[in-house]
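Remarks on the overall topology
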Amino acid sequence: GFRAAGGGSHNTFNDCWLIISHRVYDVTRFLSEHPAGRSIILLHAGKDCTTEFLAVHDEAYLPAFAPDAFRGVLKDSGVGPPPPRPAGAGRVDFVSSDMLALPRDIFGPDHDEFRARCRRFLKEHVAPRYSQFEARGMVDTATYAKMAEAGFYLTLNIPREHGGQGHTDWRYNAIVCEEVEDVDCGGFFANLGNDMVLSYFLRSCTAEQRPRWMPMLRRGAPIAVAMSEPEVGSDLGRLACRAVPLPDGSGWRVNGRKMWISSGAVAELIVVACVTDPPKGAKGISLLVVERDMQGYSCAKRFGKLGKLASDTCLITLEDVIVPRCNLVGEEGRGFAYMMSHLPKERLSIAVGSAAAARRALALATNYVNGRAAFGGTLGGLQGVQMRIAQLRAEVQACTAFVDRCITEASAGTLSAEGASMAKYLATELAFRVADACAQFFGGYGYLKSSPIGKLLVDQRVTRIYGGANEVQLEIISKGLGFTPQRMGSKL
């Protein structure tokens, strides 16, 4: 049997116990997933959280949602087993992969081993501190460094000759995106470095330029890309940030502001899109690497956001920043072309994360309706609920199949701009729609700040905006059929 003091001997994030009516429950999984439980585990991880739990629920809630949580009774208590589960209660241990009817066939044994290692890393080094990251509005540099050392941030794709793992198979990148979402840490924007910024150093920099940056990247220095401006979002051909050549030709003097810059507060290297030759329009845009400690560079403002709370989003200012010529990315005047060439994988990365979020949302909802007592049975016993879950599941399956095909194309180097835009549009629209529908099943619990489904809902809203608004994606898709956007010939 258990001694009364036994519940207090568990003191890690992955141990949370309840003692109710002399019955002992291990409720870690329940608390990490259930909308009313997340705040409890954050307050009481490693401690007996019985009082906090009973302020919201009674003991009968546990057999419904955590049927395997019962561990025994206190010694000499003489009490019986826990209350029975609700009539008709079903499985409450579904995971994201269970939402699919068709097995995913794009990953092999090496990918599966990599996924398992990535998940272990995230559960050990990110999930326990995720609430702190959200409260601070950023992930600390030490976490990026650990992730790089473990091979999941930047070093994943850095060539072996520069000390990285040298993966060119983009399926490994996709796994990182999916696992971050699947452990409910979707606000940790690890794919910003892996899929949106690193390629400028690996693909756009010349062979002579590249070695300059590898030591910093290899140790996991946070990196960012600065395209958008306060008055310029998706229309990147209208940038106002100016880089004026220095009289001696040794570099540029940069002035301007950049808006919505993810990781702008922690980034050590920022790839900045600026105009170096105004009369040439888009062909006069160049990319310059601005280093955080350069005089005149500052993170002027960090924005409070509805979601993605663990990712800092900033307004950065550049006031007479002297950038040496050796910090030019690739060739002068090729910046716009470089950005366009890297955007397809960036958009696919967003799509992969959103498809994973949709599967996760559906798994959370399925577990909840199977355990939630209602009308003499469970929510999952209602035909209307079953039909809606089935509709969502079919859409999630179709989206996953399409995104998987795009992952395969990206790994083979044949991903088209149209395909990436389709994936980004489909997955982000679906993820928000699924999260919204699933939140409805949770009732008021789905609207709690600490609710995993609530976090998914607000996190996925912004995916339809960043990486190019979804309206821009539709324009790209339509161009593939020969259409010309009406605005191109409009007098407005």
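Everything quoted here is computed from the prediction, not taken from an experiment.

Time to look at the side chain of Thr 143. With respect to the element layout, Thr 143 can be found in helix 7 (residues 141-150). When neighbours within four sequence positions are excluded, Thr 143 is seen to be in contact with His 125, Val 126, Arg 129, Phe 133 and Phe 188.

Here the focus is helix 15 (residues 470-479). Of all the residues in helix 15, the buried ones are Asn 470, Gln 473, Ile 476 and Ile 477. Relative to the axis of helix 15, the buried residues are bounded by an arc of 105 degrees and lie together on one face. Contact partners of the buried residues in helix 15: helix 11 (335-371) and helix 13 (417-441).

Turning our attention to the sheet that holds strand 3 (residues 70-73). Two strands in a sheet stick together by hydrogen bonds in their backbones, pointing the same way (parallel) or opposite ways (antiparallel). Within the open sheet, the three strands sit side by side as 1-2-3. Their pairing is antiparallel. Looking at which strands have only one partner, the edges of the open sheet turn out to be strand 1 (17-20) and strand 3. Geometrically, the sheet is characterised by an average inter-axis angle of 20 degrees between neighbouring strands, direction not taken into account. In this structure, strand 2 (residues 23-26) lies alongside strand 3, joined through three bridges in antiparallel fashion. When the sheet's bridge partners are listed, Val 24 is paired in strand 3 with Gly 72.

One can describe the packing of helix 13 onto helix 14 (residues 452-461) by two numbers: an axis separation of 9 Å at closest approach and a directional angle of 150 degrees. With respect to their mutual orientation, helix 13 and helix 14 come out roughly antiparallel. Pair helix 13 / helix 14 crosses with left-handed handedness. Contact with helix 13, carried on its side by Ala 431, Phe 432, Ala 435, Asp 436, Cys 438 and Ala 439, involves Ile 453, Leu 456, Leu 457, Gln 460 and Arg 461 of helix 14 and no other residues of that element.

Between side chains of opposite charge, a pair can form as their charged atoms come close. For the structure shown, the criterion picks out 26 salt bridges. With a closest N to O distance of 2.6 Å, Arg 119 and Glu 179 form a salt bridge. A residue pair is termed long-range when its members are at least 10 positions apart, and Arg 119 in helix 5 (residues 109-126) and Glu 179 in helix 8 (residues 171-182) qualify at 60 residues. For Arg 119, a relative accessible area of 26% translates into the label partly exposed.

Under the definition given, this model contains two cavities of 30 Å³ or more. Taken together, 17 residues form the lining of the largest cavity, with Glu 181, Gly 186, Asn 191, Lys 308 and Gly 353 sitting closest to its centre. Counting residues per element, the ones that place at least two in the lining of the largest cavity are helix 8, helix 9 (190-204) and helix 11. The residue makeup of the lining of the largest cavity, split by class, is eight nonpolar, seven polar and two charged.

Looking now at the packing of helix 5 against helix 8. Interhelical geometry of helix 5 versus helix 8 gives an angle of 35 degrees and a closest axis separation of 10 Å. As for the relative orientation of helix 5 and helix 8, their crossing is right-handed in sense. Between helix 5, through Asp 110, His 111, Phe 114, Arg 115, Cys 118, Arg 119 and Leu 122, and helix 8, the contact on the second element is made entirely by Arg 171, Tyr 172, Ile 175, Val 176, Glu 178, Glu 179, Val 180 and Asp 182. The class makeup of the residues in the contact of helix 5 with helix 8 is seven nonpolar, one polar and seven charged.

When pLDDT is averaged across the protein, the result is 89; 90% of the residues are at 70 or more. Confidence over residues 1-11 falls short of pLDDT 50; this stretch has 20 contacts with residues more than four positions distant or in other chains. Here residues 38-47 is modelled with pLDDT under 50, and outside its nearest four sequence neighbours on either side it reaches 32 contacts, counting other chains as well.

Rules of the game
Residues numbered from 1 in each chain as written. Predicted model: local features only at pLDDT ≥ 70, side-chain atom pairs only at ≥ 80, totals over all residues. Heavy atoms only, no water. Helix = DSSP H or I, 4+ residues; strand = E, 2+ residues; numbered from the N terminus. Contact = heavy atoms within 4.5 Å. Buried < 20%, exposed > 50% of the residue type's maximum accessible area, 1.4 Å probe, protein only. Arc of directions from axis to C-beta. Pairing = 2+ DSSP bridges. Axes fitted to C-alpha atoms, helices over the stretch in contact; angles between N-to-C directions. Parallel < 35°, antiparallel > 145°, perpendicular 65-115°, else oblique. Left-handed = near helix turned anticlockwise from the far one by under 90°. Salt bridge = Lys/Arg side-chain N within 4 Å of Asp/Glu carboxyl O. 1 Å grid on protein atoms, 1.4 Å probe; cavity = no way out; pocket = protein on both sides within 12 Å on 5 of 7 lines; lining within 4 Å. Points joined across faces, edges and corners; volume = space filled by probe spheres on them. Nonpolar A, V, L, I, M, F, W, Y, C, P; charged D, E, K, R; others polar. pLDDT = per-residue confidence, 0-100.

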